[in-house]
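Now for the letters of each chain:
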Amino acid sequence: MHKLSHILRLGLKELTSLRHDSVLLLFLVYAFTVAIYMPAAGSIIGVHNASVAIIDEDHSTLSRKLGESLLPPEFQPPQPLPYDQLDPSMDSGQYTFVINVPANFQADLLAGREPSVQVNVDATAMSQAFMGAGYIGRIFQRELLDYTSQADAGAKTPVKISSRALFNANLEGGWFLAVIQIVNNITILAIVLTGTALLREREHGTLDHLLVLPLTALEIMLAKIWSNMLVVVLCTWISLEVVVKWALGVPLAGSLTLFLLVTALYLFASTALGIFLATLARSTPQFGLLAIPVIIPMLLLSGGSTPLDSMPEWLQWVMQCSPSTHFVSLSAAILFRDAGINVVWPDLLALTGIGLVFFAIALARFRKSLAS
């Protein structure tokens, strides 16, 4: 009972210390509000509102149909452009796409001469240029088949593919990005909060005061973990309810309770990692330099930014040792696919094992740093 009382009181001391740290409090508020809302609401993955100009040298019914087929929100209404303004407009970046319909295009098509339409693309707008060119190609192909009365050609194929999205039917990229931002911010805060808390005590001399008390390294470490875990889990819950569900309107299908429990388990592993890094550093700036090469791979290679399947096989195996990889998988399965424990238990087991290993290593290092 005395040990539990020590852990509780030390954790309350950590919360009091955090309450007086205005910089960390401001960072907490920013990380779970603005840093989630702005990328999810403002970052569009795909083609959106792309500028288009059309050089219509044919002036036919078909050329007008091609221009009218490019519709919002993917494209702006195509603007007419003289041929001699093609190069200047592309050089100045005025339009992302400039479409040139040659003279006699409709007549040549009906005569079976296979005419071509030129699509000029500003490749400096990388994401819109690459995806938008494919969009335009498919749209024009559909319009040309329809115009030449071959739209039913697809019905003659032996297999017809029909795709339906079970969740996020409109494929809004911001919905997925909002949850991934929360996952990334949890990783950053778990490492930063615990690491800076330990170094702050060392720099202010508070850690020396704790060492003369009847306290063990295990009690000090558990106190830091549960207090920072409580703060991050509470901020995560508020962010999901207020920013993700209310402000962004993301209909989370899964259980928030299960997700918060998984978050607490992930924080057990990542806060232990933060303490381990703090024992290696001698100052807060040095801790920041050590944390950067650890946090960045955890964010970029966990499967949230790019799928694990697209990485080299050896790297996929290496990232299985990172708790962030399993946390990203658990977050997507629980919040998006409403998966239960009977589905996600392998990742839960892996996350628990990694957390225990990280905790044991951090505790051994922490005891050694206290003894030295």
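The shown structure was predicted, so the numbers you read here are calculated from the model rather than taken from an experiment.

What counts and how
- Residues numbered from 1 in each chain as written.
- Predicted model: local features only at pLDDT ≥ 70, side-chain atom pairs only at ≥ 80, totals over all residues.
- Heavy atoms only, no water.
- Helix = DSSP H or I, 4+ residues; strand = E, 2+ residues; numbered from the N terminus.
- Buried < 20%, exposed > 50% of the residue type's maximum accessible area, 1.4 Å probe, protein only.
- Contact = heavy atoms within 4.5 Å.
- Areas by Shrake-Rupley, 256 points an atom, 1.4 Å probe, with all protein chains shown as cover.
- Patch = residues over 30% accessible without salt bridge, like charges linked within 9 Å, V, L, I, M, F, W, Y side chains within 5 Å.
- Salt bridge = Lys/Arg side-chain N within 4 Å of Asp/Glu carboxyl O.
- UniProt positions renumbered as here; feature names shortened; annotations may be inferred.
- Pairing = 2+ DSSP bridges.
- Expected span 1.5 Å × (residues − 1).
- Polar contact = N/O pair within 3.5 Å; in protein donor to acceptor, adjacent residues only side chain to side chain.
- Phe/Tyr/Trp six-rings, centres within 6.5 Å; stacked < 30°, edge-to-face > 60°.

### Quick word on the overall build of the protein chain
Now for step 1: Summing up its helical and strand segments, the protein chain has 15 helices and four strands in all.
Now for step 2: Per-residue burial over the protein chain gives 44% buried out of 372 residues.
Now for step 3: If you take every contact in the protein chain between residues at least 6 apart in sequence, the share linking residues at least 24 apart comes to 77%.
Now for step 4: Just so you have it, the protein chain exposes about 20,100 Å², and 63% of that area is on carbon and sulfur atoms.

### What about a nonpolar patch on the surface?
Now for step 1: A cluster of nonpolar side chains, contributed by Phe27, Tyr30, Val34, Tyr37 and Met38, occupies part of the molecular surface with about 470 Å² of accessible area.
Now for step 2: Residue assignment for the nonpolar patch shows that the elements contributing at least two residues are helix H2 (22-31) and helix H3 (34-42).
Now for step 3: Sort the elements by how many residues they give to the nonpolar patch and H3 lands first, with three residues.
Now for step 4: Residue position: Tyr37 is located in helix H3.

### Description of the UniProt feature "transmembrane region" (unreviewed entry) in the protein chain
Now for step 1: In the numbering used here, UniProt assigns the feature "transmembrane region" (unreviewed entry) to residues 21-40, 175-199, 211-240, 252-280, 287-308, 314-336 and 348-366.
Now for step 2: In residues 175-199, helix accounts for 100% and strand for 0%; the two terminal C-alpha atoms are 37 Å from one another.
Now for step 3: Counted over residues 348-366, helix gives 100% and strand 0%. Its end C-alpha atoms are 26 Å apart.

### Focus on the sheet that holds strand S3 (residues 97-101)
Now for step 1: Pairing in this open sheet of four strands is mixed, and the strands run S2-S1-S3-S4 from one edge to the other. Only two strands of the sheet have a single partner each, and these edge strands are strand S2 (79-80) and strand S4 (118-121).

### What to know about the side chain of Glu143
Now for step 1: Secondary-structure assignment places Glu143 in helix H7 (residues 126-147).
Now for step 2: Apart from residues no more than four positions distant in its own chain, Glu143 is found in contact with Lys65, Leu66 and Ser69.

### Points about helix H11 (residues 256-280)
Quick reminder: α-helices carry 3.6 residues per turn. Residues three or four places apart thus point the same way.
Now for step 1: The end-to-end C-alpha distance of H11, which contains 25 residues, comes to 36 Å, matching closely the 36 Å that a straight helix rising 1.5 Å per residue would cover.
Now for step 2: The element H11 is largely enclosed, with a buried count of 20 among its 25 residues.
Now for step 3: Its side-chain oxygen 3.4 Å from the backbone nitrogen of Thr257, Ser255 forms the N-cap of H11.

### Describing the pattern of salt bridges
Should their charged atoms come close, side chains of opposite charge can pair.
Now for step 1: Enumeration over the complete set of coordinates arrives at three salt bridges.
Now for step 2: The partner of Arg113 in a salt bridge is Asp108, and the shortest N-O contact between them spans 3.0 Å.
Now for step 3: When its relative accessible area of 56% is taken as the criterion, Arg113 is described as exposed.

### Some points on the pairing of strand S1 (residues 52-56)
Consecutive residues of a regular strand have side chains that alternate between opposite faces of the sheet.
Now for step 1: Counting buried positions along S1 gives five out of five residues, so the element sits mostly inside the fold.
Now for step 2: Here S1 shows no split at all, with Val52, Ile54 and Asp56 on one side and Ala53 and Ile55 on the other all buried.
Now for step 3: Sheet analysis places S1 next to S3, joined by five bridges and oriented parallel. In the sheet register, Ile55 faces S3, and the bridge partner there is Asn100.
Now for step 4: Sheet analysis places S1 next to S2, joined by two bridges and oriented parallel.

### A look at the packing of aromatic side chains
The relation between two aromatic rings is expressed through the spacing of the ring centres and the mutual angle of the planes.
Now for step 1: The full count for this structure, using the stated rule, is five aromatic pairs.
Now for step 2: Taken together, a centroid distance of 6.1 Å and an interplanar angle of 70° make the contact between Phe75 and Phe97 edge-to-face. One end of the pair, Phe75, is in the loop between helix H4 (61-68) and S2; the other, Phe97, is in strand S3, with 22 residues separating them in the sequence.
Now for step 3: On the basis of relative accessible area, Phe75 is assigned to the buried category, the value being 1%.
Now for step 4: Considering the side-chain rings of Phe259 and Phe327, the 5.9 Å spacing of their centres and the 15° angle between planes classify their relative orientation as stacked. Placement of the pair is Phe259 in helix H11 and Phe327 in helix H14 (residues 323-337), with a sequence separation of 68 residues. Exposure class is identical for Phe259 and Phe327. Each is buried.
Now for step 5: An aromatic cluster is built from Phe259, Tyr266 and Phe327, whose rings are joined through pairwise contacts.

### Considering the environment of Asp58
Now for step 1: One can find Asp58 in the loop between S1 and H4.
Now for step 2: Asp58 sits 43 residues away from Val101 along the chain, and the two C-alpha atoms are 6.4 Å apart.
Now for step 3: Setting aside residues no more than four positions away along its own chain, Asp58 makes contact with Ser63, Val101, Pro102, Ala103, Asn104, Phe105 and Gln106.
Now for step 4: There is a polar contact of 3.0 Å between the side chain of Asp58 and the backbone nitrogen of Asn104.
Now for step 5: Reaching out from Asp58, the side chain makes a polar contact with the backbone nitrogen of Gln106 at a distance of 3.1 Å.

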